[in-house]
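A structural walkthrough
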Amino acid sequence: MEVKTSLLDNMIGVGDMVLLEPLSEDSFLENLRKRFDHNEIYTYIGSVVISMNPYRSLPIYTPEKVEEYRNRNFYELSPHIYALADEAYRSLRDQDKDQCILITGESGAGKTEASKLVMSYVAAVCGKGQEVNKVKEQLLQSNPVLEAFGNAKTVRNDNSSRFGKYMDIEFDFKGDPLGGVISNYLLEKSRVVKQPRGERNFHVFYQLLSGASDDMLKKLKLNRDFSKYNYLSLDSAVVNGLDDAASFRTVKNAMQIVGFMEDEVQSVLELVAAVLKLGNIEFKPESRCNGADESRVKDKNDLKEMCELLGIEQTVLERAFSYRTVEAKSEKVSTTLNVAQAYYARDALAKNLYSRLFSWLVTRINESIKAQTKTRHKVMGVLDIYGFEIFEDNSFEQFIINYCNEKLQQIFIELTLREEQEEYVREGIEWTNIEYFNNAIICDLIENNQNGIMAMLDEECLRPGTVTDETFLDKLNTICAEHQHFESRLSKNSKFLNDHSLPHSCFRIQHYAGKVLYCVEGFVDKNNDLLYRDLSQAMFKANHSLMKQLFPDGNPAKVNLKRPPTAGFQFKASVGTLMKNLQTKNPNYIRCIKPNDKKAAHIFTESLVCHQVRYLGLMENVRVRRAGYAFRQVYGPCLERYKMLCKRTWPHWRGPAREGVEVLMADLQVPTEEFSYGRSKIFIRNPRTLFFLEERRRQCLQDLATLIQKIYRGWKCRTHFLLLKKSQIVVAAWYRRYTQQKKYQKIKSATTVVQSYTRGWQARKLLRELKHQKRCEEAATTIAAYWHGAQVRREYRKFFRANAGKKIYNFTIQRIMQKYFLGLRKTLPSMSPIDKSWPARPYRFLDAAHTELRTIFHLWRCKKYRSQFTEEKKAVYEEKLEASELFKDKKSLYPSSVSQPFKGDYLEISKNPKYHKLNSCVEEKVLLADVVNKINRANGKGASRILLLTKKNVLLADQKTGQVKASVALPDLASVSVSTQNDGFFALKLREGSASAVKGDFLLSSEHLIETITKLHHIGSTASDDGVRLNIDITDEFLVQFKQDKVCVKFIQGAPKNGNGASCKRKNNRLLEVSVPATA
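Residues numbered from 1 in each chain as written. Predicted model: local features only at pLDDT ≥ 70, side-chain atom pairs only at ≥ 80, totals over all residues. Heavy atoms only, no water.

With an unreviewed UniProt entry as reference, the chain is termed Unconventional myosin-Ib, source organism Hippocampus comes. The record held by UniProt for the chain lists under Function (unreviewed entry) the comment "Motor protein that may participate in process critical to neuronal development and function such as cell migration, neurite outgrowth and vesicular transport." The UniProt entry for the chain carries the following comment under Sequence similarities (unreviewed entry): "Belongs to the TRAFAC class myosin-kinesin ATPase superfamily. Myosin family." (UniProt positions renumbered as here; feature names shortened; annotations may be inferred.)

**Examining the state of the cysteines**
Under the defined criterion, the tally for this structure stands at 0 disulfides. Unpaired in this structure, Cys-100 has its nearest cysteine sulfur neighbour in Cys-404, at a distance of 13 Å. Cys-100 gets classed as buried once you look at its relative accessible area, which sits at 0%. Of the cysteine sulfurs around Cys-443, a residue in no disulfide, the closest is that of Cys-404, at 10 Å. By relative accessible area, which is 1% here, Cys-443 ends up buried. (Disulfide = S-S within 2.5 Å. Buried < 20%, exposed > 50% of the residue type's maximum accessible area, 1.4 Å probe, protein only.)

**A short note on the pattern of salt bridges**
On inspection of all chains with the given rule, the structure shows 40 salt bridges. Across the pair Arg-93 and Asp-94 runs a salt bridge, and its minimum N-O distance is 2.8 Å. Between Asp-176 and Lys-174 there is a salt bridge, and its shortest N-O distance comes to 3.8 Å. A residue is classified by how much of its surface remains accessible, and Asp-176, at 10% relative accessible area, is buried. On the accessibility criterion, Lys-174 (44% relative accessible area) is partly exposed. Via salt bridges that share partners, Arg-162, Glu-188, Arg-191 and Glu-199 belong to a single interconnected network. (Salt bridge = Lys/Arg side-chain N within 4 Å of Asp/Glu carboxyl O.)

**Some words on the domain arrangement of the chain**
Here the chain is partitioned into domain 1 (430-520), domain 2 (823-868) and domain 3 (872-1030). Each of domain 2 and domain 3 has a C-alpha centre, and these two points are 41 Å apart. (Domains from an automatic or database assignment.)

**Section: the nonpolar core**
Across soluble globular proteins, you tend to see nonpolar side chains buried next to one another. Ranked by internal contacts, the top residues of the largest apolar core, which has 210 residues, are Phe-28, Phe-149, Leu-317 and Phe-507. Ranked by residues supplied to this core, first place goes to helix 12 (residues 339-369) with 15 residues. In contact with Phe-149, other than residues within four places in its own chain, are Phe-202, Val-204, Val-268, Val-272, Tyr-354, Leu-357, Phe-358 and Leu-361. Ranked by size, the runner-up nonpolar core spans 30 residues in total, among them Leu-970, Leu-990, Phe-1002 and Leu-1009. (Core = buried A, V, L, I, M, F, W, Y, C linked by side-chain atoms within 4.5 Å. Helix = DSSP H or I, 4+ residues; strand = E, 2+ residues; numbered from the N terminus. Contact = heavy atoms within 4.5 Å.)

**Points about the sheet that holds strand 29 (residues 1045-1054)**
Spatially, 4 strands are ordered 28-29-31-30 in an open sheet, and the strand pairing comes out mixed. The sheet is open, and its two edges are formed by strand 28 (1037-1042) and strand 30 (1063-1068), each paired on a single side. The average angle at which neighbouring strand axes cross in this sheet is 30°, direction not considered. (Pairing = 2+ DSSP bridges. Axes fitted to C-alpha atoms, helices over the stretch in contact; angles between N-to-C directions.)

**Topic: the packing of helix 4 (residues 111-125) against helix 5 (residues 130-150)**
Running from amino to carboxyl end, helix 4 crosses helix 5 at an angle of 165°, the nearest separation of the two axes being 10 Å. Taken as axis vectors, helix 4 and helix 5 run roughly antiparallel relative to one another. The crossing of helix 4 and helix 5 is left-handed. Residues Thr-112, Lys-116, Met-119, Ser-120 and Ala-123 of helix 4 form the contact with helix 5, whose own contacting residues are Lys-136, Leu-139, Leu-140, Asn-143 and Glu-147. Broken down by class, the residue content of the contact of helix 4 with helix 5 amounts to 4 nonpolar, 3 polar and 3 charged. (Parallel < 35°, antiparallel > 145°, perpendicular 65-115°, else oblique. Left-handed = near helix turned anticlockwise from the far one by under 90°. Nonpolar A, V, L, I, M, F, W, Y, C, P; charged D, E, K, R; others polar.)

**Thoughts on the side chain of His-1008**
One can find His-1008 in the loop between strand 26 (1002-1005) and helix 30 (1009-1023). Of the polar contacts made by the side chain of His-1008, one reaches the side chain of Asp-930; its length is 2.8 Å. What His-1008 contacts, discounting residues up to four positions off in sequence, is Tyr-906 and Asp-930. (Polar contact = N/O pair within 3.5 Å; in protein donor to acceptor, adjacent residues only side chain to side chain.)

**Some words on helix 8 (residues 244-258)**
For helix 8, with 15 residues, the first-to-last C-alpha span of 21 Å sits near the 21 Å given by 1.5 Å per residue. Those residues of helix 8 not exposed but buried are Asp-244, Ala-245, Phe-248, Val-251, Ala-254, Met-255 and Val-258. Among the structural elements, helix 5, helix 6 (203-211), helix 7 (214-219), helix 9 (262-279) and helix 12 are those in contact with the buried residues of helix 8. Of the residues flanking the start of helix 8, the one acting as N-cap is Asp-243, its side-chain oxygen 3.3 Å from the backbone nitrogen of Ala-245. One or two steps after helix 8, the chain reaches Gly-259, where phi turns positive at roughly 130°. (Expected span 1.5 Å × (residues − 1).)

**Some words on the sheet that holds strand 2 (residues 48-52)**
Read across the sheet, 7 strands follow the order 1-2-16-3-12-6-7 without closing on themselves; strand pairing throughout is mixed. Every interior strand has two partners, whereas the edge strands, strand 1 (42-45) and strand 7 (177-185), have only one. When strand polarity is set aside, the average angle formed by the axes of neighbouring strands in this sheet is 20°. Looking at chain direction, strand 6 (residues 164-171) and strand 12 (residues 378-384) are connected through 7 bridges and run antiparallel. In the strand pairing of strand 12, Asp-168 is matched with Gly-381. Contacts from helix 4 reach strand 1, strand 3 (99-104), strand 6, strand 12 and strand 16 (586-593) within the one sheet, and its direction differs from that of strand 12 by about 160°.

**Overview of the side chain of Arg-162**
Positionally, Arg-162 belongs in the loop between strand 5 (160-161) and strand 6. Here Arg-162 falls in the buried class, since its relative accessible area comes to 9%. There is a polar contact of 2.5 Å between the side chain of Arg-162 and the side chain of Glu-188. For Arg-162, the contacting residues outside a window of four places in its chain are Ser-107, Gly-150, Asn-151, Ala-152, Thr-154, Leu-186, Leu-187, Glu-188, Arg-191, Phe-202 and Glu-389.

Below is the structure:
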C-alpha cells in the first residue's frame, strides 16, 4: 500500500485555519506566530494561501520540492504556494477551466516574489521543447524589465512594486505556454519628481548610473554621481543587498531575451537620461514691461543636452516652458508662465514622459510574448497588485488603491460564496444562506456614477470657474454627509464637530479593512493630470524614434480640443475591465502578510500582523468557509486515512468507498448532525469532529506501531535463532572435517615413514651388492691389464729400448708447447691497439715463436679495431695519420692538434644565411671553411679572410661582404712553407708562369694550421696532373714572392705581445720578422 503524507500529518499549529478551534483573532495570530517561528510561512484558509514574508532564503523552492508537489492533491501535503500553483495549472490543463491567481497584500509583504514563484513553478512543470522553452524564458525575463522601470525602494520594501500588474499566460490544449499579455495599472509617476524621505526613485535611474559603461554614459551625457541630479534622493541612494550595477546587466540581458532590438534599448535609455536632465532644469523670474511675471531657464546647458538626446530644437522647448497656449474654438490665447507654473510644467512633462515610456515598454513586451496562433487558448491570469494602504498621510494614490482593493474584496466574497454554493449543489448538500459583510455599499460610495466620490471629483475637475481641493471637499460634505461609511468635520456621521482627529482638509471612509483618513490636498491636480498642449506638441516635433509614439496628442494635424479623461476615470474603467476579466475565471488567492516593519528575519510583530489580518479580511474569510461545513474530503482518501478505526474496514474494504465511510462513521458513533454525505465527498461540520477522528487515528497508529514492533521483534529473534542454528551446524561440520583431516594426516605421515625406512633398507642392500660386483670387475680388469702389459713388454722390450729417447723428447716438447699455448690464451692483453703489454716467454727456445705471435696478435686486433670504423671516421684517421707523417717531431704546434678533431667546415657555410651568397658562388663541395688572416707585406698586419678549400681550388673571400678576393687552382700551387715553431703562419707558393701567380704568393695565419696544411697536402696531391705530391717545407726562414719582389720571412722566439699569439713585423723591404712566444 502506498503511504502518502497529508495536511494533517506532523502539523505545526493548524495548517488550515478553517480547522482552528477555538476560532478567535488571538488564536488566529498565535497560530500564525507558531508556524512562522518554525519556518512554516504558508497556511491555508480552505483554498486560500496565506504567505508570510520570511525576509530570508528558505530551502523550500528547490527542484525536488517542485517534483514533490507536482500532480498532488491540494491537501495532500503541507501548505505551500506550489500546491496552489499546481492545483490551478492542473485545473486549466485537465478541466479546461481558465484560472486567475490573485496576489494581494501591503508593500513589502512579498507579492512580487509570490508571483515569480507561481510563474517559475508553472514553467517547471509544463512541457519542454525549444519553442516552449523560448516562450517560458521570455515570460520569466519580462519581470526584471518591469521591476527596473516600475519598482522602487520604499520605507517598507526595498523592491516595492509601484504599479499594478496583471498577466494573462496563454496555454495550448497540452498545457504548454504559447505567450502572454500584460496589463499595468496606476504607475506611481509622482515618484519620478519627488520621493518621501528614506525612499528612492525608480530602480532604473540608479542602475543606469551605476552599471553603464563610461562610453555609454558619455553618449547619454550623464555623470555617475547621483548628487548631480535633482530627481534622485540621496539619503537612500545606496541600498544594502541591492547591486545596481549587476541589476543593470541583468535588465539589458532580459531586454534582449524578450526581443528588444539594440536601437530600441538605446532609445529607452536616452529617454531615461532625458528625464534626469529634465529635473536639473531650473527657472528664474523675469518681469515684462506690462508688469507680468515670466520665467526663464537659468542654466541652459542641461536643457541643451536634453534637446540633443531627444532631437528637439532648444528654442521650441524653452518657449514651451515659458508660455502656454489655450485654444477655444477658433481662438488662441498665449499666456506667460511664472516660475511656479514653469516648475509644474517641467514636473508634469517628466511624469508624463516616464509614464508613457513605461506604458510603451509594456506594449512592446506584449508584442514579443503574445501568442502567435489564433486558435482558442487556455488562460491563467496572475494579478500582482498593491494591497490596502493606510499611511499617516493618505492622498489620491491611496484612495484609488484602496478602491481597487474594495473591488477585489467584493469579488473575493462573491466568488468564494459562489464556489461554496456550487460545491454544495454539486454534492447534493442543502445550501444555507451565510451572513457576511457586503462591502458593495462602500464600492457604491466611491464609484457611483451620480453621487460617488470619483464622479464628484471628475465633475469638479471639469466645471468652469475656480476649482480647488476645498471646493471638492465642500461638495463631498454636501452630497455624502449622511452616508454611514463617510465622515468629515461637517458630516452627520462625525461624532463631534470639533473632533481634532479629523482635520478640516480631510475626510474619512470606513473601508472593509478599517477607517482611512484622506487628505484632499492634491486630489484635483492629480486627477486632472494635465500636460500643457505646448509641451506635448514640442515632444511630437522631436526627431527621437519613440517620441511620436509616446505623444500622439501633440500632432498639430489632429488637435483635439476635448478635455482628456481624468486619471480617476481611466483607473475606474481599467478596474471595471479587470473585474469582468476575473469573474470569467476560476479564482485562486494568495494573501501576503508582512511580519515586521524592520525587514528582518525571525521577528513577528503581532500588532502589525493583526492590522493586516483585519484589512485583508482573513477572519471574515474563515467565517465564510466555516459557515457551512468546515472540512470535506473525497470518500476514497477519507476511507484510506481512517479505515484502521473500524474492524470491518481494516485492513481492506472490498466494497464502494462511500459504504465503507458510512460503516466507519456508524461504528465510531459520530452524531449524524456533525456530518453529511455528498455524492463524492463527506462533509464534516465542526473541526472538533475532525480532531476527534485524528486523535482516534493517532491512538490506533500507536497500537498498530506497537503490534508491528512486536511482530518485527519476534521475526527478528526467530531469524537470529535460525541463523545461530545454521551457523552451529556449519561450525560442527567444519570441525568434524578438520579432526578427520588431522587423523588422516597422522596415518599418512606414519605410513610414509615406514615406507621410507623399508625403501632405504632395500636400496642400501642393493648398493652393497653393486659395489661388491664392481670391485670384483675392477680387480679382474686390473689383473688382466697387468698380465697383458707384462706380455707386451716381454714381446717388444727390444724395440722400446732402441727408440725410447726420441719418443720421450717429442712427448715432452708437445706437453711444454700445449702448456705454453694454454697459458698464453689466459694472459692475452686487451684489444686496444695502443696496449703494448705482452706476457713473458716461459722458455728461451720459444723466443722466435713468442715474438711472431705478438706481431700476429697486434695485427689481428688492429684489423678488428679498423673494422669498426665508418668511412668518415677512416678518412679522419687517415688525415690524422697524414698529419703525423708531415709534422710529427717537425713542428712544435703538432702535439696540441692531436687531441682536436678535424671539423673541416668551421663556419657551417651551407647552413648559415650570412654566407648564402658566398656559398652560391662555389659550385663544388666545400672541404674546409675557416677564417684566416692575410698578412700585408707593407706593415705585417693581418686582414680577416674566409679560406675555402674544394677539390680543385683554394678561395679567399672577404669576411664581411662574402666577396671572393682570390681563387687559386690546386695544380697552380707549388709548395707550402711553415715554421718549426708554435705559430699558425704558412705561405702558399704558386708555380711561376701560372695564371694565379700574377699577384704573387700568399702569407696567411690560421688557428687550424695543422688541419689546413694536411687537407692541402692530401687534396693537392690528388689534383695534380702528374701525380706529384705537394711539397711541404718546414723551416724557420723562407722566401715569399710578393708580385715582383721576394721577401724573406724569418721566425724568432721572443716575448709575447698583445696576448700569447705570434706577431709579424716589417724590418725592411726584404725582411718580415715573426716573433713567436717561447713554449714552456
